[in-house]
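If you want the building blocks of each chain, they are given just below.
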Amino acid sequence: MSLTLGSGPLGTSPAGRFNAALAFPGRPLLLDPVPYRVRAIADGETVLDTERAALLHEHGHLPVFYAPLEDFRADLLEPSGTSTHCPFKGDASYLHLRLPGRRLDDAIWRYAEPIASAAWLAPLAALRFDAADRWLCEDADVIGHPRDPYHRIDVLPTSRQVSISLHGVVLAATSRALMLCETALPRRLYIPAEDVREALLVPSATVTTCAYKGHASYRSVRGDGFEEADLLWTYEDPAPEVGAIRGHWCFFDERVDVDVDGVRQARPRTPWSPPETG
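So, here is what we can say about the structure in this document. Remember, it's a predicted structure, so these values are computed and weren't measured experimentally.

### Re the overall build of the protein
Point 1. What the protein contains, in helices and strands, is zero helices and 22 strands.
Point 2. Dimensions of the protein along its principal axes, counting C-alpha atoms only, are 60 × 50 × 35 Å.
Point 3. Residue burial in the protein is summarised as follows: out of 278 residues, 46% are buried.
Point 4. Excluding contacts between residues fewer than 6 apart, the proportion of contacts in the protein whose partners are at least 24 apart in sequence is 53%.
Point 5. Carbon and sulfur atoms form 52% of the exposed surface of the protein, whose accessible area is close to 14200 Å².

This is the structure in structure tokens:
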């Protein structure tokens, strides 16, 4: 996510500045070898098992695992007549994935004759992430999408006084917030559950997945004369790397008023949209 999306250096709205103009033959692509074994399992069948995987980073897209075609289970593959064209990679051909009792159409694609600037894609193929029930890097599960090695998260405790309000109603106030700084994304403030006005929260069925933090559940907020759907979320069982945020709630800063030490914070310039689900 961090390299090619949002405010990442190859993203749609880079936050930093280069000291020179970067010129690419179209959209920038980076094929980055990964140092670990990658496996994909669907319906109990190991579809892909490789120690030669690479991540394709592409402007405006999440990273994608590519691997040599021979590292896929050949007996599970069926030719497809589907083809698509990418001006930055070339013409893609597709393969069906035949599993016991069902077929996943066009689950695998490859660029057998890519354009010259992406010639290194020729021996490789990619499996649609949601075509597999389980992805493993070594023996660790991968959720949501492949992790970007250039993505970083820092969770910083802060004693600054934080207040969250909406339509003049205070929803939360604390001096025990955690500031989560995540590459290419807006800064987020996680607030202890005890410091959130629980009486204003309304259950929600929404659940989303973050490849770096885990599965998030949501709450809506209902006040006198207003209701905001899915305004805050929590990670009940966060990934170990961000375990400190367990028991904390986070509001969409794009939709509420945030005061830090009595100073109103500017809302993030990126319009709010639901997080990527996996």
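### A few points about the packing of aromatic side chains
Point 1. What the rule picks out here adds up to six aromatic pairs.
Point 2. Consider the rings of phenylalanine 129 and tryptophan 135, whose centres lie 5.1 Å apart with planes at 5°: the pair is stacked.
Point 3. Judged by centre distance (6.4 Å) and plane angle (85°), the ring pair of tyrosine 190 and tryptophan 233 falls under edge-to-face. In this pair, tyrosine 190 sits in strand β16 (residues 188-192) while tryptophan 233 sits in strand β19 (residues 226-234), placing the two residues 43 residues apart along the sequence.
Point 4. Taking the relative accessible area as the measure of exposure, tyrosine 190 reaches 1% and is therefore buried.
Point 5. Linked through ring pairs, Tyr190, Tyr218, Trp233 and Phe252 together constitute an aromatic cluster.

### With respect to the nonpolar core
Point 1. If you look at the biggest cluster of nonpolar residues, it comprises 26 residues, and the most contacted ones within it are Phe72, Leu97, Ile108, Leu127 and Trp135.
Point 2. Counting only elements with at least two residues in this core, the list comes to β2 (38-42), β3 (45-50), β5 (64-68), β7 (90-99), β8 (102-110), β9 (124-127) and β10 (134-137).
Point 3. Setting aside its immediate chain neighbours within four residues, leucine 127 contacts Ala40, Val47, Phe65, Phe72, Leu97, Ala107, Ile108, Trp109, Ala132 and Trp135.
Point 4. Grouped together as the second largest cluster of nonpolar side chains are 21 residues, Ile164, Ala172, Leu189 and Phe226 included.

### Some words on the pairing of β10
Point 1. Taken together, the four bridges between β2 and β10 define a ladder with antiparallel strand orientation. Along β10, the bridge assignment pairs arginine 39 with leucine 136.
Point 2. In the sheet, β10 pairs with strand β11 (residues 140-142) via three bridges, with the strands oriented antiparallel. Looking across to β11, one finds that leucine 136 is bridged to aspartate 141.
Point 3. Taking the residues between adjacent antiparallel strands as the criterion, β10 and β11 are bridged by two residues, where glutamate 138 takes a positive phi near 55°.

### Quick look at the sheet that holds β19
Point 1. Taken in spatial order, the seven strands of this open sheet run β12-β15-β16-β20-β19-β18-β17, and their pairing is antiparallel. Here the strands that pair on one side only, and so sit at the sheet edges, are β12 (153-157) and β17 (201-210). In this sheet, neighbouring strand axes are inclined to one another by 30° on average, regardless of whether the strands run parallel or antiparallel.
Point 2. Where β19 lies against strand β20 (residues 248-251), two bridges are found, and the strand directions are antiparallel. Pairing of leucine 232 across the sheet is with phenylalanine 251, part of β20.

### Side note on the pattern of salt bridges
Where charged atoms from two side chains of opposite charge approach closely, those side chains can pair.
Point 1. For the structure on display, the rule yields 26 salt bridges.
Point 2. Here glutamate 70 makes a salt bridge to arginine 52, at a shortest N to O gap of 3.5 Å. Placement of glutamate 70 in the loop between β5 and β6 (77-86) and of arginine 52 in the loop between β3 and β4 (54-58) is noted, with a sequence separation of 18 residues between them.
Point 3. Classification of glutamate 70 by relative accessible area gives exposed; the value is 58%.
Point 4. Among the salt bridges present, the one from arginine 147 reaches glutamate 241, with a minimum N-O distance of 3.5 Å. Taken together, the positions of arginine 147 in the loop between β11 and β12 and glutamate 241 in the loop between β19 and β20 put the pair 94 residues apart, joining distant regions of the chain.
Point 5. Overall, the relative accessible area of 55% leaves glutamate 241 in the exposed class.
Point 6. Shared partners join several salt bridges into a network, and the residues in it are Glu78, Arg98, Arg103 and Asp105.

Calculation criteria
For every chain, the first residue of the written sequence is number 1, and numbering continues from 1 along that sequence. Owing to the predicted nature of the model, reporting of local features is limited to residues with pLDDT of at least 70; listing and counting of side-chain atom pairs is limited to 80 or more, with chain, interface and lining totals taken over all residues. Here the side-chain values reflect all heavy atoms present in the structure, with hydrogen atoms and water set aside. Runs of H or I in DSSP of at least four residues are treated as helices and runs of E of at least two as strands, each being numbered from the N terminus. Burial classes follow relative accessibility: with a 1.4 Å probe on protein chains only, a residue under 20% of its type's maximum area counts as buried, one over 50% as exposed, and anything between as partly exposed. Contacts are residue-level and defined by heavy atoms, with any inter-residue pair within 4.5 Å sufficient. The method behind every accessible area is Shrake-Rupley, applied with a 1.4 Å probe, and residues are considered shielded solely by the protein chains displayed. Classification of ring pairs uses Phe, Tyr and Trp, with its six-membered ring standing for Trp, and accepts pairs whose centres are within 6.5 Å; under 30 degrees between planes counts as stacked, over 60 as edge-to-face, and the remaining range as tilted. What makes a nonpolar core is a set of buried Ala, Val, Leu, Ile, Met, Phe, Trp, Tyr and Cys residues whose side-chain atoms join them at distances within 4.5 Å. Strand pairing is assigned whenever DSSP identifies at least 2 bridges connecting the two strands. For helices, the fitted line uses only the C-alpha atoms of the stretch in contact; every axis is such a line through C-alpha atoms, and the angle between N-to-C directions lies from 0 to 180 degrees. Salt bridges are defined as contacts in which a side-chain nitrogen from Lys or Arg sits within 4 Å of a carboxyl oxygen from Asp or Glu.

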